Structure formats: C-alpha cells, structure tokens
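Residues per chain, in single letters:
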There are 2 protein chains.
Amino acid sequence: MSKRVYNFCAGPCTLPLDVLEEAQAEFVDYQGSGMSLIEMSHRGKHYDEVHMEAMALMKEVYRVPEDFSVLFIQGGAHLQFAMVPMNLLTPGTRGAYTNTGTWGKGAITDGKACGDVYVAWDGADENFTRMPNADEIELQDNTRYLHITSNETIGGIRFPAFPDVSVPLVVDMSSDYMSRTVPWEKFDLVYGGLQKNLGPAGMSVVFVRDSILENTNKDMARYLRYDIHKDKDSMFNTPAVFPTYMTGKVLKWMKAKGGLDVIEAEAAQKSGLIYAAIDNSDGYYRSPVDVACRSHMNVVFRLPSEELEKKFLTEADQADLLNLKGHRSVGGLRASIYNAMPQEGAQALADFMADFMRSNG
Amino acid sequence: MSKRVYNFCAGPCTLPLDVLEEAQAEFVDYQGSGMSLIEMSHRGKHYDEVHMEAMALMKEVYRVPEDFSVLFIQGGAHLQFAMVPMNLLTPGTRGAYTNTGTWGKGAITDGKACGDVYVAWDGADENFTRMPNADEIELQDNTRYLHITSNETIGGIRFPAFPDVSVPLVVDMSSDYMSRTVPWEKFDLVYGGLQKNLGPAGMSVVFVRDSILENTNKDMARYLRYDIHKDKDSMFNTPAVFPTYMTGKVLKWMKAKGGLDVIEAEAAQKSGLIYAAIDNSDGYYRSPVDVACRSHMNVVFRLPSEELEKKFLTEADQADLLNLKGHRSVGGLRASIYNAMPQEGAQALADFMADFMRSNG
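Attention now goes to the overall build of chain A. In terms of helices and strands, chain A carries nine helices and 13 strands. If one aligns the C-alpha atoms of chain A with their principal axes, the spans along those axes are about 60 × 60 × 30 Å. Put simply, chain A has 361 residues, and 64% of those count as buried. Sequence-distant contacts in chain A: of pairs separated by 6 or more residues, those separated by 24 or more amount to 66%. Accessible surface computed for chain A: about 13000 Å², of which carbon and sulfur atoms make up 47%. Looking at charge distribution, chain A has the averaged site of its 35 positive side-chain charges lying 3 Å from that of its 48 negative ones.

Below is the structure:
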C-alpha cells in the first residue's frame, strides 16, 4: 500500500486521493482505447467529452449564471494579470486595484505595464493584515473595473464579503476558488489558477460576463483575447489536456460530496480548528491578521521564537504533517487547507499544535 | 494486459509506452513521499530536481550551445506567435515571415497584431506544396529576424535545410522538434509545443540566444517577457508541473535510445517506409508535396477517390492504425510519425497500404 501524508502546501497542493487513484488506473489505456488520454487528439471524441464536461461542471459546481462563460487558458494567474487590462482597458478607461499583499501587488505591477492602472487602496502601511472596507476604496473617474484579490495566499487574509462599489469587480480568486458562494452579480470577470482547489498546475480558469466581450480590445494576438477563447470553447489551440482532465475529476468529487455549500462549511470548520488552536494557546501561537479577514484557506501563525518555529516544522514533518513553512517573504508558519484537505488532516494539525505547546511551553 | 494501438495522430500524439508506464507506477505516491508529484510545491526538492533535470536534458539531447537558454512557457506555440514580436521587435525593426501553410500563416496573423511584420515569401500560389529556397526570400531593410516554420504539420512539408539568409532565424519547430540536428548558429530563437515529439500538451519550449535578451522590449507584463523567464529558470510562476515531468522522461528515453542521431535516422527510415508505399503504388497513392520538401514527421497522401479514402480510414481503424485522417482544411490522409512511433508502426501502415491497394486496386 502506498504512503499518504497530510500536505499543507500552499500550491500546487493536495488533491483528493480518490481522484489520483482513478487517474492512475486509466493512465496508460484510457477507456480501452489503447492510448493514454494525453496521447489523444484534442479534436477527438474522448477528449472532447472530457473538455466539455469539465467546462459544464465548472459552471454547475460554482453556480455560475447563464450569462457568464468559462474559459480555460494557460499561463496561470500571471498571464491574467496581463490579459485583464489588455482586454478590458479600452482607450479612456482606467483600472483600479487594491494592494492587499503579494498577489495584489503582482496584479498592479503587470497592470501598469499594460494599461492605465491606479491603486485605489493600499494595505502596505498596515503590513497587509486586513482587507479594505468598501468605503475605504477610492475610485477615480473613468474606472472600468476594481481589481481585488479575494484571498491573499501569503498574507493569509481574505475579503470576508466582496465589496459593494460603483464599478464591476474583477477578482483574482486563485487561492480560494470554489471554496465559497460568491455574488456573481458584482463581477465582470473572475480568474485563478487550478493548482489550489481545482487540480494540478498548468491552467487558469476564467469566468467572464459575456456582454463585456463586445467591448474589449481586439487588435491583439489571438491567444491574448478573451473573445477568441470564448468563441472556440477554449479550444482555439491545443488545450492543457491533462489539467483539464484532472479538474473534471476534482469537480465531480466536489459535486459528489455535496457541492459548494458543503465545501464552504468544511472550509470554515477545518480552518476553525487551526484558528481555535491558536486562540486557545494563551498567546503561544499568534496570528498576525485581523480576525474578521482570516483566510479559510491559508492559516498563518507564529510561535514565540524562530527557534521554536524550526523545531515545530521538524517535528511536524516527522508526524507526516508537511509543508507548513510560511512563505520565505514573511516567515513563520502557514497551513494551507484547501478543499481536498480532509477534516482529519486539520484535526491532526490542531492536535499536534496542542501537543507541541505542552511539550515546548 | 492493456491494449495498445498505433496512433498516427498529428498532436497530441503517441508517447513511449515505457514512459507512460513509469509515470503511472509513481503517479499517486512519488518516490515514497506520500504525495503525487502534481501535489508538490514547485519550490520543493522533488519538483526542483525534475525541473532542472528536464531543462538540462533539453539542452543536452538537442545539442544546444552554451550561449542559449531554455525556457518553459505555457500557452503553446500560439502564445509564442505573440511573444516573439512583442519581445524582439524593438522600435524601428521589422519581422520577416514565410507563409508556408497553416502555421506560417498563424504566426503572420498574430505577428501583425504585435509589431511591424511583413511576408518575405508566400507559398499560397503553389498551394503550400514546398518551402522556399533562400534566394526566393525577399528581406527588407531593418529586418530583425526571419520567422520560418520548420515543418508544416498540416501541409506535410519541411525545410530540407535551414535557409542561409542575412538575418537571424526565428523558428517555429513545433512539429519536428528534436527530430533532427539543427544549425544553432543560424538561430536567435526557436520555439514549439511539447505535444508532438516531447510530451503532453500544455507547455512550450523556447531556446533563446542569451545575448539577444539585452535588447528586447521590457515594458510589458512579466509573463510575456523572455528575460524574466530566463532569470527565474522558468519558475517565475508556478510551472506546468506535469508536462515538465513527462518531457523529462521522454528526453531520458530519447537519450537511452541513442540520442538525436538515432532519432533522425529513424525518422528518415519510418517516413521512408510510407513514402516508398506511395512511390511504389503506380499512382494509386499520391503525395501532393514536392519530393525535396517531404516532411519526415507528417506524411500526407491521397487515394484515387474520397470514397476509397473513407474505406481506407475505416479499415485502418479496424487494424488498430488510428488517426490517419488528414486535417479538415485539406482532406485526404495523414500519417504523423513522431519520435515515439515505433518502427513496427510505420511498417504496419506501409504493409496495410500495400494490402489495401491490392484489395481495392
């Protein structure tokens, strides 16, 4: 029997074991075809089924309204940092951005290289420990959209609610994609990589309001145009076959376990176990972030000293609780508890935290 | 035991069976880690080894000179259609392109959207049945590079030799990547998708002459900049983990079978079997392309009637010789015999062609 650990990696990250085993079983000979799915034409019957089913499941599981399309595009959230302003910022319009941490900042950097972009709220002075309230976001004239990062993977903060502002939202959801119900009516476009809640690395999923595609920039190379990907059902060029296939399986797994409501409740519960371990530690464990903005995906915390943090990591490794080191840019510890992390994994970590504190108090 | 067919698909395409079986065996629990490789941090030890080894093997197997770097970028050749002119066409410079078929034309379409691009040779009048000689290519002043498509997958033609011209070549090698020795001294940049000779879909490999990166456009989003990918060893963002892993295995397989010289000789031999079946058929099978430009990867041919072509396809399917239908834009038949197609597969097809002609002469 193969070994299985609890993997708290921030991404790429843990996937459902059932999904991995199913993919393994059919890897070399897909449905008796005498080929692997990854060897098949993307225009053929087998892959076409996989592709169209994954697209349909995306909309079904995330309860996406009819007037949105789903697009599969390679290049990760980083290429979306470019494509959003390149497509949406038509002459005379501006993009507003919230600087909420590493990812918000990344979107701003690339946005500025692609269009007229400004910072409408900046969390740097508070060391990125919270998200803004709607009334703190300063929008200027001719703003086409407000770009937000729904969850900052490194800082461990999330928007508890999506802000009510006077312009449509564009949301980078990379690290809390499909982990909670979202207000589609506020969005023009949503994007994120697969590699947290949805599958392996190598593909982004973009949801776009169809009506906005009539008024996007068209004088660009085709791969960079949302309208082209939409018109071709994300088969303008050879798609990322394997990530598409895997995410289809993950979506079926999500559906089978009860869908978005169950996933959302579990995320609150799993992260709640770790936050409780922090809150009940009399300050031994410290969370640097505003309680109202605590991420349900990435729980960041510190110990009394860096020495203890190192010891914690070593002993957690020995207990098969892996990848708990915080991002190198902020230090400390981070437990990423994405959709595929079992309840038992979060419980095991909470128990380990309590034990460690008792032994190293 | 699982079934195995001969898959003549133009891409994604057949991969070595050994490679598929090896990947299957370690898919769920990678090297006893208790995780799949696709669940691992791209900054971790395991993936880092996979990534750096694949990059090193790319250069070793293709005999790439020291002063070139290899980049792994998502988005297929189509994103390269954009990135080449966006990076290389600095103000005042122009890109020359050869229109040699579907892919040459695609590069031109996107090139024109991204920079000052012109057609230096056009094969449309001859229905794309041959590649130009160097002296037919009309270069204009201030030409930064000549873009060529080394092998046209759909038309079934290749450059028998890379043209000697007065500017550096930029080459789309998608469909004959690493199938023959190439004159690196003529190139500034070479690109292509994995999904023919090198692995599953979802990643491009770019080889770029280091010195040209000093003089590329920099005021662009980071994902679109070659210099950024180079500086970060193609880990600027989360890489396409699974395609990188698979191509590493394919490269090891290529090396084990003797490397580029063996691959090149086999390609000539395998395609030679099919061309011989055509040439020895007294005109029953017809190849529309110039003999000197016959592709060693994609052999296109016609039968005396469309009815016979349909019958051929049906009976080939029954004989487990799959995906022989020509591209919908040109009709007829096409056998794609990439690196992983065994000699026995090409022989089986040649035998089938002879048998079919005898029965349907």
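Still more ground to cover, so stick around.
Where interface size is quoted, it is often the accessible area lost as the parts come together. Residue and element names in this part refer to chain A. Splitting chain A by domain gives domain 1 (6-11 + 258-360) and domain 2 (27-257). Taken over C-alpha atoms, the centre of domain 1 sits 27 Å from the centre of domain 2. Between domain 1 and domain 2, the contact holds 29 residues from the first and 30 residues from the second. Carbon and sulfur atoms make up 55% of the surface buried where domain 1 meets domain 2, a total of about 2300 Å² over both sides. Broken down residue by residue, the surface that domain 1 buries against domain 2 is led by Leu260, Cys293 and Asn339, which jointly contribute 26%. Linking domain 1 with domain 2 are two salt bridges. Taking the shortest distance from any N to any O, the salt bridge between Lys257 and Glu266 comes out at 2.8 Å. Put simply, domain 1 and domain 2 have 17 residue pairs in polar contact (both at pLDDT 80 or more) between them. For the side of domain 1 that touches domain 2, the secondary structure elements donating two or more residues are helix H7 (260-279) and strand S11 (298-301). Broken down by element, the side of domain 1 that touches domain 2 gets its largest block of residues, seven residues, from H7.

It is worth spelling out a negative patch on the surface at this point. Residues and elements named next belong to chain A. Negative charge collects at one region of the surface, where Asp48, Glu49, Asp231 and Asp233 lie side by side. Take Asp231: it is sitting in helix H5 (residues 226-231). Classification of Asp231 by relative accessible area gives exposed; the value is 60%.

Under the fitted operation, chain B is carried onto chain A by 0.0 Å of movement along the axis and a turn of 180 degrees, and the coordinates agree to an RMSD of 0.0 Å. A rotation of that kind, with that shift, is consistent with a two-fold axis. Comparing interface residues between copies, 100% of those in chain B also lie at the interface in chain A; the contact surface is shared.

For the rest of this paragraph, the subject is the pairing of strand S13 (residues 333-336) of chain B. Residue and element names in this part refer to chain B. Residue alternation in S13 divides its side chains into two sets, Leu333 and Ala335 and Arg334 and Ser336, and both sets are buried. Judged from the four bridges that link them, strand S11 (residues 298-301) and S13 form a sheet pairing that is antiparallel. Opposite Val299, over in S13, you have Ala335 as the bridge partner.

Residue and element names in this part refer to chain A. Between helix H1 (residues 17-25) and helix H6 (residues 241-256), the shortest axis-to-axis distance is 10 Å and the interhelical angle comes to 135 degrees. Considering the angle they form, H1 stands oblique to H6. Of the two possible hands of crossing, H1 and H6 adopt the one that is right-handed. Across the interface between the two elements, Val19, Leu20, Glu22 and Ala23 from H1 touch Tyr245, Met246, Lys249, Val250 and Trp253 from H6.

Further remarks concern the sheet that holds strand S2 (residues 68-73) of chain B. All names here are of chain B. The sheet built from seven strands is open, its strands ordered S2-S10-S9-S8-S5-S3-S4 with mixed pairing. The open sheet has two free edges, formed respectively by S2 and strand S4 (117-122), since each of these has just one partner strand. Averaged over all adjacent pairs, the angle separating strand axes in this sheet is 20 degrees, with direction ignored. One ladder, built from five bridges, connects strand S9 (residues 187-193) with strand S10 (residues 204-209); its direction is antiparallel. In the strand pairing of S10, Tyr191 is matched with Val206. The strands touched by helix H3 (residues 76-88) within the sheet are S2, strand S3 (94-99), strand S5 (143-149), strand S8 (169-172), S9 and S10, with S9 carrying the most contacts at an inclination of about 155 degrees.

Residues and elements named next belong to chain A. The strand order S2-S10-S9-S8-S5-S3-S4 describes an open sheet built from seven strands, whose pairing is mixed. Edge strands, defined here as strands with exactly one partner in the open sheet, are strand S2 (68-73) and strand S4 (117-122). This sheet shows a mean twist of 20 degrees between the axes of neighbouring strands, independent of strand direction. As defined by bridge partners, strand S8 (residues 169-172) adjoins strand S9 (residues 187-193) across four bridges and the pair is classed as parallel. Of the residues in S9, the one forming a bridge with Val171 is Val190.

Glancing now at the nonpolar core. Among the nonpolar cores identified, the biggest contains 136 residues, and Phe207(A) and Phe207(B) are the most heavily contacted of them. Once residues within four sequence positions are removed from consideration, Phe207(A) is found in contact with Met58(A), Tyr62(A), Val64(A), Phe68(A), Ser69(A), Val70(A), Tyr177(A), Met178(A), Trp184(A), Asp188(A), Leu189(A) and Val190(A). Counting residues in each nonpolar core, the second largest holds 60 residues, with Ala77(A), Met86(A), Tyr223(A) and Val206(B) among its members.

Next up on the list: the interface of chain B and chain A. Each side of the interface is counted separately: chain B has 66 residues, and chain A has 66 residues. Between chain B and chain A, a total of about 5000 Å² is buried, with carbon and sulfur atoms accounting for 61% of that surface. The largest per-residue losses of area from chain B upon contact with chain A belong to Gln24(B), Val28(B) and Glu39(B), which jointly make up 13% of the total buried on that side. Across the chain B-chain A interface, the total number found is four salt bridges. Of all the secondary-structure elements, those providing two or more residues to the side of chain B that touches chain A are helix H1 (17-25), H3, helix H4 (102-114) and helix H6 (241-256) of chain B. Per-class residue counts for the side of chain B that touches chain A are 34 nonpolar, 22 polar and ten charged.

Residues and elements named next belong to chain A. Examined bridge by bridge, strand S3 (residues 94-99) and S4 share five bridges and lie parallel to one another. When the sheet's bridge partners are listed, Thr98 is paired in S4 with Trp121. Remark: the S3/helix H4 (residues 102-114)/S4 crossover connection has right-handed handedness.

Glancing now at the packing of aromatic side chains. Under the counting rule described, the total for this entry stands at 42 aromatic pairs over all chains. Joined through ring pairs, the aromatic side chains of Phe27(A), Tyr30(A), Phe242(A), Tyr245(A), Phe27(B), Tyr30(B), Phe242(B) and Tyr245(B) make up one cluster.

Mapped onto the elements, Asp110(B) comes out in helix H4. Asp110(B) has contacts with Ala221(A), Arg222(A), His78(B) and Phe81(B), leaving out every residue within four places of it along the chain.

Inspection of the entire model under this criterion finds 42 salt bridges over all chains. Between Arg130(B) and Glu136(B) there is a salt bridge, with its nearest N and O atoms 2.7 Å apart. For Glu136(B), a relative accessible area of 24% corresponds to the partly exposed category. In the salt-bridge network here, residues are joined through shared partners; they are Asp67(A), Arg144(A), Asp188(A) and Arg209(A).

What counts and how
- Residues numbered from 1 in each chain as written.
- Chains lettered and ligands numbered in written order.
- Predicted model: local features only at pLDDT ≥ 70, side-chain atom pairs only at ≥ 80, totals over all residues.
- Heavy atoms only, no water.
- Helix = DSSP H or I, 4+ residues; strand = E, 2+ residues; numbered from the N terminus.
- Buried < 20%, exposed > 50% of the residue type's maximum accessible area, 1.4 Å probe, protein only.
- Contact = heavy atoms within 4.5 Å.
- Areas by Shrake-Rupley, 256 points an atom, 1.4 Å probe, with all protein chains shown as cover.
- Lys, Arg positive; Asp, Glu negative; His and termini not counted.
- Charge placed at Lys NZ, Arg CZ, Asp CG, Glu CD.
- Domains from an automatic or database assignment.
- Buried area = accessible area lost by both parts, 1.4 Å probe.
- Salt bridge = Lys/Arg side-chain N within 4 Å of Asp/Glu carboxyl O.
- Polar contact = N/O pair within 3.5 Å; in protein donor to acceptor, adjacent residues only side chain to side chain.
- Patch = residues over 30% accessible without salt bridge, like charges linked within 9 Å, V, L, I, M, F, W, Y side chains within 5 Å.
- Least-squares fit on C-alpha atoms with pLDDT ≥ 70 in both.
- Pairing = 2+ DSSP bridges.
- Axes fitted to C-alpha atoms, helices over the stretch in contact; angles between N-to-C directions.
- Parallel < 35°, antiparallel > 145°, perpendicular 65-115°, else oblique.
- Left-handed = near helix turned anticlockwise from the far one by under 90°.
- Core = buried A, V, L, I, M, F, W, Y, C linked by side-chain atoms within 4.5 Å.
- Nonpolar A, V, L, I, M, F, W, Y, C, P; charged D, E, K, R; others polar.
- Right-handed = clockwise from strand over helix to strand, strands pointing away.
- Phe/Tyr/Trp six-rings, centres within 6.5 Å; stacked < 30°, edge-to-face > 60°.

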